[in-house]
Amino acid sequence: MNDCDPGTPGVGKTTLGKELAQRTGLTYVNIGDLAKEGNQPPLAGASVTPPFRFEAVKADACQLYDGYDEEYQCPILDEDAVVDELDEKMIDGGVIVDYHGCDLFPERWFHIVFVLRTDNTQLYTRLESRGYVGKKLQDNVQCEIFQTIFEEAMEAYSADIVHQLPSDTPEDLERNLEQLVQWTEQWMKDNN
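Residues numbered from 1 in each chain as written. Predicted model: local features only at pLDDT ≥ 70, side-chain atom pairs only at ≥ 80, totals over all residues. Heavy atoms only, no water.

An unreviewed UniProt entry lists the protein under the name Adenylate kinase isoenzyme 6, with Liparis tanakae given as the organism. As its UniProt record puts it under Subunit (unreviewed entry), the protein is described as follows: "Monomer and homodimer. Interacts with small ribosomal subunit protein uS11. Not a structural component of 43S pre-ribosomes, but transiently interacts with them by binding to uS11. Interacts with COIL (via C-terminus)." Listed under Sequence similarities (unreviewed entry) in UniProt, the entry text for the protein is "Belongs to the adenylate kinase family. AK6 subfamily." (UniProt positions renumbered as here; feature names shortened; annotations may be inferred.)

> I'm lost on the packing of helix H1 (residues 13–24) against helix H7 (residues 170–191) in this one. Help?
Pairs of packed helices are described in terms of their axes, by the angle between the two and the distance that separates them. Close contact between H1 and H7 brings their axes to 10 Å; oriented N to C, the two are set at 45°. In terms of their interaxial angle, H1 and H7 are classed as oblique. Considering the relative orientation of H1 and H7, their crossing is right-handed. Facing H1, whose interface residues are Thr15, Leu16, Glu19, Leu20, Arg23 and Thr24, H7 presents Leu173, Glu174, Asn176, Leu177, Glu178, Leu180, Val181 and Thr184. Split by residue class, the contact of H1 with H7 holds 6 nonpolar, 4 polar and 4 charged. (Axes fitted to C-alpha atoms, helices over the stretch in contact; angles between N-to-C directions. Helix = DSSP H or I, 4+ residues; strand = E, 2+ residues; numbered from the N terminus. Parallel < 35°, antiparallel > 145°, perpendicular 65-115°, else oblique. Left-handed = near helix turned anticlockwise from the far one by under 90°. Contact = heavy atoms within 4.5 Å. Nonpolar A, V, L, I, M, F, W, Y, C, P; charged D, E, K, R; others polar.)

> What is the right way to look at the side chain of Asp3 in this model?
Note on placement: Asp3 falls in strand S1 (residues 2–6). Of the buried charged residues, Asp3 lacks a salt bridge, with Arg23 as the closest side chain of opposite charge at 12 Å. Contacts of Asp3, omitting those with residues within four sequence positions, involve Leu20, Val95, Ile96, Val97, Phe110, Ile112, Phe114 and Leu180. (Buried < 20%, exposed > 50% of the residue type's maximum accessible area, 1.4 Å probe, protein only. Lys, Arg positive; Asp, Glu negative; His and termini not counted. Salt bridge = Lys/Arg side-chain N within 4 Å of Asp/Glu carboxyl O.)

Given below as C-alpha cells:
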C-alpha cells in the first residue's frame, strides 16, 4: 500500500506523514529531504518487508536538482530523476510520500491520495513564520485558495482515490491520523 499526501507548503504534510509512519510501520519519504540529503534512508515507523533502502545510486543530492530558482530562492527538483530514484522502491509498497505536488508521480504508485488543506489565514501565518515573503508567500497562499494541488491530484489520479483532509488544528491532525490508520489497516487486511 502506498499513500501520497500532497499539499501546499505549511499545511502539515510532514507532521502527518511522520506520525502516520510511526503508527502504521509504513516508510515515510519526504521528497524535499530526499533531494537535499541524497541517499539517506527514509524515516521508518517500523521495519518494512522487504527492506526499503536507498542504494548509493546517485553520486550526490545535486543529481536530484535541475537548477536553482532565484525568484523563489529554492532549488528546482529534477522530477524525472526523483521518479527514477523511487520507482523500484514504490513497487514493493508500504510507502508514504510527502511532497507539495503529486502530478509528477505515476498513477500506478498510489492506492490513495490525501490532499491536506488549510485555512488561508492560518496558512499565511505558518508560511510567514517560516520566512516566506513576497511572491513566494503570496503564490503559495493563492495555490491554496484556488485548490491547485487538489485539482492537480484529481487530474493525475482516479477520482475515487483522491480525498481532501482539513488540516487547521491539532484536533484535525488527530482525526486525520485516526482515519488514515484505519484506512491503512483495512487496506492491509483486504489485500494481504
